[in-house]
There are 2 protein chains.
Amino acid sequence: MSKEKKMVEDITPMAEDFAQWYTDVVKKAELMDYSGVKGCMIFKPNGFAIWERIQAELDRRFKETGHRNVYMPMFIPESLLQREKDHVEGFAPEVAWVTHGGEEELTERLCIRPTSETLFCEHYRKEIQSYRDLPKKYNQWCSVVRWEKTTRPFLRSAEFLWQEGHTAHATAEEAQTETIDMLNCYADFCKEVLAIPMVKGRKTDKEKFAGAEATYTIEALMKDGKALQSGTSHNFGTGFAEAFNITYMDKENKPAYVHQTSWGVSTRLIGAVIMVHGDDDGLVLPPVLAPTQVMIVPIAQHKEGVLDKAYALMDGLKADFRVDIDTSDKSPGWKFAEQEIKGIPLRIEIGPKDIEKAQCVIVRRDTREKQFVPLAELSTVLARTIETMQRDMYERAKAFLDAHMTEVHNYEELRRFSEEKTGFAIGMWCGDEACEDKIKDDLTVTSRCMPFDQEPIDDVCICCGKPAKKKVYWGKAY
Amino acid sequence: MSKEKKMVEDITPMAEDFAQWYTDVVKKAELMDYSGVKGCMIFKPNGFAIWERIQAELDRRFKETGHRNVYMPMFIPESLLQREKDHVEGFAPEVAWVTHGGEEELTERLCIRPTSETLFCEHYRKEIQSYRDLPKKYNQWCSVVRWEKTTRPFLRSAEFLWQEGHTAHATAEEAQTETIDMLNCYADFCKEVLAIPMVKGRKTDKEKFAGAEATYTIEALMKDGKALQSGTSHNFGTGFAEAFNITYMDKENKPAYVHQTSWGVSTRLIGAVIMVHGDDDGLVLPPVLAPTQVMIVPIAQHKEGVLDKAYALMDGLKADFRVDIDTSDKSPGWKFAEQEIKGIPLRIEIGPKDIEKAQCVIVRRDTREKQFVPLAELSTVLARTIETMQRDMYERAKAFLDAHMTEVHNYEELRRFSEEKTGFAIGMWCGDEACEDKIKDDLTVTSRCMPFDQEPIDDVCICCGKPAKKKVYWGKAY
């Protein structure tokens, strides 16, 4: 068996053990490593570079829509966390507590932010006096800590990286518009950059954010048929404003509470990319996302002129593409395998014979499709291939999602779905939390969201048979 | 008194009380706010935008020189922190300790990173096996915590933002080259972007980083004549490698310890910019750094055509400049004062008479110099003015630095310097820590650094009169 073959075969096939495949890919693609602290991971350069691309693309979108970045402290005094009742109940059981600074015991414990609503509220209370101060549209990029018992790289860890947007508005309408706009911003970004189609909808009250009036979510379908909650956007109404006394004087000079939202996505999106696009040979990155879009592999690089030509290609491309070159002393086959494991979307092969013919070979990571391309047309063909590949990857993921939508009309059908199928089950619900609980306990599927399209498919609840109020997507979730 | 006048007069004059001036400026320019947690500050949008510009400029320089970004956990287990003896002694007294996760007490305390040498060492120990794995050149942007008793915005706070580079090399020479290259990278960045001249040199052993073989520093001179340590670069030799057992097999297949460096700058640089360039009217940002370089203020904006023209100007400029427009309903005088307090480098005024003459007015923040500029030449003139202003700001700061360099030849001269003068005193030193201590205790000046130019100015120590070994810059420091 060749070394190259061996390298890929170290990845457990997806069909054999999906969880192990995932773990193998994150390690083999050198995205992360485990640290000495339980539940905390190390982002290695390849993994962090993906996050930097996500940050750059999202940050631009946030700023274009009038949001400004800030940075709040990582500590929340215990008394501040307790200000909003639902919020503290939701988060207190899973926070890390700082009790000592240097040699001294603190007079009040500080938790490390699991999310920063309380800090933003405290700040907004001071900053907002008049309607002229509204809206406030802030965002921050930071790390947060939630003391999780079971952790998995990128999907769930004690510390993770994310962004959290926090806004305050004069009216309920404005806050609702912001909540939905940011949900759509996330979904559009996931489509355009990550090539991932999202199911959008509202969370049930049981699943909503601690302290929110309404939580909206984007849910993606992984290749194992499980759903991954990939981003959320919350409308807080005036709940936090009342708890923190954030008021403003309106145009009639009357005091009123502000209406607030928050929204966030995290490094979990990297997990989504891996499980939506990856294959048995490793990671497959959509070209719009990929930190390196094109890897140049010189063939017979010891021969005169090959390296010069390969570097010249790179110089010609680097203004328009994120391009790298592998001139290590490994064999071309080994280099191909590495580029494939790391999910670099396109490979250019160029050797003496290609140079003679003034051509090179382009290979797509997703389809393995090879093209011989005249060097004079390389830049044009690359741009077109990137566009096609990005679209193809999205469409394949969309087709997979569409093929995993199952209507269920009664409990028996939902039971069969949960035992035999994966993906989303679309079924009606009476709105009673008891039915939601029963389904979760019996069938291991949970309500993922109530889609915006609420066109009913039945008139009774799949669980209890009483009149239905909501159409719900049900599924197994990460 | 006009409102505009009043707004500026809320800033305490520098000459009256420099510390209060500083506090007034950071508040009035809306750079930061205090948080409910002692010693932790909030970066407001104007302040964070400056940090984002610093990040963008430095990050580009790091990547161009082959460094890659990673992210390590924020927690360091107590046992890991203790691995390197000098390091733990230096940092343990000022770290924050996490003792509880959720409801449970941890079996081992975790400190929140005050700096991440120990985490990088632990990772490098696993990652590095062969000379082929070297060099490793990693960097991370993160927040760190040091439990400081006395805090000041940007200069010293319990939590602050920074970058920390950590590298591992095969040879001592390579590590030393990296250490000096990164010091120069910082100094060049400070000159080109922050318009701040830096004094460069090596720290004495007393002042070096806990665990380093040698620490190099860049020191800037504030307008009150005090020095601000603005960035450091450390050569660790093999000290950490020995403590953490980081070895590699060299080309002869023999095991050897790696040679390591680390280097960092923080949000303290924002403090440097304020205190090097600010004036009694507020902040003055160098145009290469400024998040907003140009503020357009329409005059008589209610008159027909003014706003249209002002927006058209902005549209024409925004591809090449970071430009904004103030169309609020405040008076032009109020807008001028705000732009000046916030330190926006250039202001464009445009009103009906200007439009008639197809011109506008450009006003420089630093000199208040006014230019009438034909609209057809606006872009060219702006570019030129930005270049001139950046250079002028650097040269003024450089002239101030040069004017505050005093040679001292004996203890009496150093004493007089410390009582009557500010800036740097250049004097010889025997190398004995006792002399360093005596000077610090008696005269409140400390050794800032030993400059690279070691051309002696005397042959005896200014303190004890014994033979001198080193030329040292002494000064009062933040």
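Conventions and cut-offs
- Residues numbered from 1 in each chain as written.
- Chains lettered and ligands numbered in written order.
- Predicted model: local features only at pLDDT ≥ 70, side-chain atom pairs only at ≥ 80, totals over all residues.
- Heavy atoms only, no water.
- Helix = DSSP H or I, 4+ residues; strand = E, 2+ residues; numbered from the N terminus.
- Rg over C-alpha atoms; globule rule 2.2 N^0.38 Å.
- Buried < 20%, exposed > 50% of the residue type's maximum accessible area, 1.4 Å probe, protein only.
- Areas by Shrake-Rupley, 256 points an atom, 1.4 Å probe, with all protein chains shown as cover.
- Lys, Arg positive; Asp, Glu negative; His and termini not counted.
- Charge placed at Lys NZ, Arg CZ, Asp CG, Glu CD.
- Contact = heavy atoms within 4.5 Å.
- Buried area = accessible area lost by both parts, 1.4 Å probe.
- Salt bridge = Lys/Arg side-chain N within 4 Å of Asp/Glu carboxyl O.
- Polar contact = N/O pair within 3.5 Å; in protein donor to acceptor, adjacent residues only side chain to side chain.
- Expected span 1.5 Å × (residues − 1).
- Least-squares fit on C-alpha atoms with pLDDT ≥ 70 in both.
- Pairing = 2+ DSSP bridges.
- pLDDT = per-residue confidence, 0-100.
- Axes fitted to C-alpha atoms, helices over the stretch in contact; angles between N-to-C directions.
- Phe/Tyr/Trp six-rings, centres within 6.5 Å; stacked < 30°, edge-to-face > 60°.
- Lys NZ or Arg CZ within 6 Å of the ring centre and 35° of its normal.
- Disulfide = S-S within 2.5 Å.
- Core = buried A, V, L, I, M, F, W, Y, C linked by side-chain atoms within 4.5 Å.

*Asks:* Would you take a moment to explain the overall build of chain A for this structure?
*Replies:* When helices and strands are counted, chain A shows 15 helices and 23 strands. Taken over the C-alpha trace, chain A has a radius of gyration of 25 Å; the compact-globule value for 478 residues is 23 Å, and the two agree within 12%. C-alpha extents for chain A along the principal axes are approximately 80 × 55 × 50 Å. Counting over 478 residues, chain A shows a buried share of 58%. Surface summary for chain A: the accessible area is close to 19200 Å², and the carbon and sulfur share equals 48%. Computing the positive centroid from 65 side-chain charges and the negative centroid from 79, chain A places the two 2 Å apart.

*Asks:* How should I be thinking about the interface of chain A and chain B in this particular structure?
*Replies:* Many structure descriptions define interface size as the accessible area lost when the parts assemble. In this complex, chain A contributes 54 residues to the contact, which on the side of chain B involves 54 residues. Both faces combined, the contact of chain A with chain B buries some 4400 Å², and carbon together with sulfur accounts for 58% of it. One can count ten salt bridges joining chain A with chain B. Among the salt bridges present, the one from Lys126(B) reaches Asp33(A), with a minimum N-O distance of 3.2 Å. The interface formed by chain A and chain B includes 29 residue pairs in polar contact (both at pLDDT 80 or more).

*Asks:* Would you mind going over helix α13 (residues 378-403) of chain B with me for this structure?
*Replies:* In an α-helix, one full turn covers 3.6 residues, which means residues spaced three or four apart are oriented alike. Relative to the 38 Å expected for 26 residues at 1.5 Å per residue, α13(B) spans 36 Å between its end C-alpha atoms, a close match to the ideal helical length. Listed in full, the buried residues belonging to α13(B) are Leu378(B), Val381(B), Leu382(B), Thr385(B), Ile386(B), Met389(B), Gln390(B), Met393(B), Tyr394(B), Ala397(B) and Leu401(B).

*Asks:* Hey, could you run me through the relation of the copies chain A and chain B in this one?
*Replies:* The pair of chain copies shares a relation made of a rotation about an axis and a shift along it. Rotating chain A by 180° and translating it 0.0 Å along the rotation axis places it on chain B, where the RMSD comes to 0.0 Å. Expressed as a symmetry operation, the mapping of one chain copy onto the other fits a two-fold axis. Taking the C-alpha atom as reference, chain A places Val98(A) closest to the rotation axis, 2.1 Å from it. Of the interface residues in chain A, 100% have counterparts in chain B that sit at the interface too, so the contact is made through matching surfaces.

*Asks:* I keep staring at the side chain of Thr261(B) and nothing clicks. Help me out?
*Replies:* Residues and elements named next belong to chain B. Positionally, Thr261 belongs in strand β14 (residues 259-266). A distance of 2.5 Å separates a polar atom in the side chain of Thr261 from a polar atom in the side chain of Thr167. A polar atom in the side chain of Thr261 sits 3.3 Å from the side chain of Trp263. Contacts of Thr261, omitting those with residues within four sequence positions, involve Gly165, His166, Thr167, His169, Ala175, Glu178, Thr179, His234 and Phe236.

*Asks:* Please explain the environment of Ser157(B) as it appears in this structure.
*Replies:* Residue and element names in this part refer to chain B. Take Ser157: it is sitting in the loop between β7 (136-145) and β8 (159-169). In the structure, Ser157 is positioned 168 residues away from Ile325 in sequence and 34 Å away in space, judged by C-alpha atoms. Setting aside its immediate chain neighbours within four residues, Ser157 contacts Gly39, Met41, Arg146, Glu148 and Thr151. A polar side-chain atom of Ser157 sits 2.8 Å from the main-chain carbonyl oxygen of Glu159.

*Asks:* Sorry, what's going on with the pairing of strand β22 (residues 446-451) of chain A here?
*Replies:* Sheet faces and side chains relate simply in a regular strand, where the side chains alternate between the two faces. Residues and elements named next belong to chain A. A large share of β22 lies buried, amounting to six of its six residues. Of the pairings in the sheet, the one linking strand β9 (residues 199-202) to β22 comprises two bridges and is antiparallel in character. Bridge assignment links Arg202 to a residue of β22, and that residue is Met450. Relative to strand β23 (residues 470-475), β22 is paired through three bridges, and the arrangement is antiparallel. Residue pairing in the sheet places Thr446 in a bridge with Gly475 of β23.

*Asks:* Where do I start with the confidence of the model for chain A in this structure?
*Replies:* In low-pLDDT regions, the fine details of the predicted coordinates are not to be read closely. When pLDDT is averaged across chain A, the result is 96; 98% of the residues are at 70 or more. If you check the scores for this complex, the pTM reads 0.97 and the ipTM reads 0.96.

*Asks:* Help me understand the sheet that holds strand β20 (residues 405-407) of chain A in this model?
*Replies:* Strand pairs in the sheet, formed through backbone hydrogen bonds, run parallel or antiparallel to each other. All names here are of chain A. Taken together, eleven strands build an open sheet; the order of strands is β3-β7-β8-β14-β11-β10-β9-β22-β23-β21-β20 and the sheet is mixed. What marks the edges here is a single partner per strand, and that holds for β3 (68-69) and β20. Where helix α6 (residues 117-127) meets the sheet, it contacts β7 (136-145), β8 (159-169), β11 (227-237) and β14 (259-266), and its direction lies at approximately 150° from that of β7.

*Asks:* Before we go on, may I ask you to explain the packing of aromatic side chains in this structure?
*Replies:* Between two aromatic rings, the relevant description is the distance of the centres plus the angle of the planes. This model, assessed by the stated rule, comprises 38 aromatic pairs over all chains. Judged by centre distance (5.8 Å) and plane angle (70°), the ring pair of Phe75(A) and Trp147(B) falls under edge-to-face. With one member in each of two chains, Phe75(A) in strand β4 (residues 75-77) and Trp147(B) in the loop between β7 and β8 form a pair that bridges those chains. Among the residues examined, Trp147(B) registers a relative accessible area of 19% and is labelled buried. The rings of Trp51(A), Phe62(A), Trp141(A), Tyr186(A) and Trp263(A) are connected pair by pair, giving a single aromatic cluster. A cation sits over an aromatic face here: Lys226(A) above Tyr478(A), 4.8 Å from the ring centre. It is Arg347(B) that lies over the ring of Phe336(B); its NZ or CZ is 3.9 Å from the centre.

*Asks:* Help me understand the pattern of salt bridges in this model?
*Replies:* One side chain can pair with another of opposite charge once the charged atoms of both are near each other. All names here are of chain A. Scanning the entire structure with this criterion turns up 82 salt bridges over all chains. For Arg61, the salt bridge is made with Glu57, and the minimal N-O distance between the two is 2.9 Å. Pair noted here: Arg61 and Glu57 are both in helix α3 (residues 45-64), with a separation of four residues, about one helical turn. Note on accessibility: Arg61 and Glu57 belong to one class, buried. Shared partners join several salt bridges into a network, and the residues in it are Asp279, Asp281, Glu340, Arg347, Glu349, Arg365 and Arg368.

*Asks:* What is the right way to look at the state of the cysteines in this model?
*Replies:* Put plainly, two cysteines are in a disulfide when a covalent bond ties their sulfur atoms together. Scanning all chains against the criterion turns up zero disulfides over all chains. Unpaired in terms of disulfides, Cys185(A) finds its nearest cysteine sulfur in Cys190(A), a separation of 9.3 Å. Here Cys449(B) stays free of any disulfide, with the sulfur of Cys190(B) as its closest cysteine sulfur at 14 Å. The exposure class assigned to Cys449(B) is buried, which follows from its relative accessible area of 0%.

*Asks:* I would appreciate a short explanation of the nonpolar core in the present structure.
*Replies:* Generally speaking, nonpolar side chains in soluble globular proteins are found buried as a group. Residues Phe75(A), Ile112(A), Phe75(B) and Ile112(B) are the most contacted members of the largest nonpolar core, which totals 145 residues. When residues of this core are assigned to their parent elements, the largest contribution, eight residues, is made by helix α7 (residues 172-192) of chain A. Excluding its chain neighbours within four sequence positions, the residues that come into contact with Ile112(B) are Met74(A), Phe75(A), Val98(A), Ile112(A), Met74(B), Phe75(B), Val95(B), Ala96(B), Val98(B) and Val145(B). Leu80(B), Ile128(B), Phe236(B) and Ala241(B) belong to the second-largest nonpolar core, a separate cluster that totals 30 residues.

*Asks:* Can you help me understand the sheet that holds strand β17 (residues 346-350) of chain A in this one?
*Replies:* Residues and elements named next belong to chain A. On the basis of which strands lie adjacent, the open sheet formed by five strands has the order β16-β15-β17-β18-β19 and mixed pairing. Among the strands making up the open sheet, the edge pair consists of β16 (323-325) and β19 (370-374). Geometrically, the sheet is characterised by an average inter-axis angle of 25° between neighbouring strands, direction not taken into account. Where β17 meets strand β18 (residues 359-364), four bridges bridge the pair, whose relative direction is antiparallel. Across the sheet, Leu346 pairs through a bridge with Arg364, a residue of β18.

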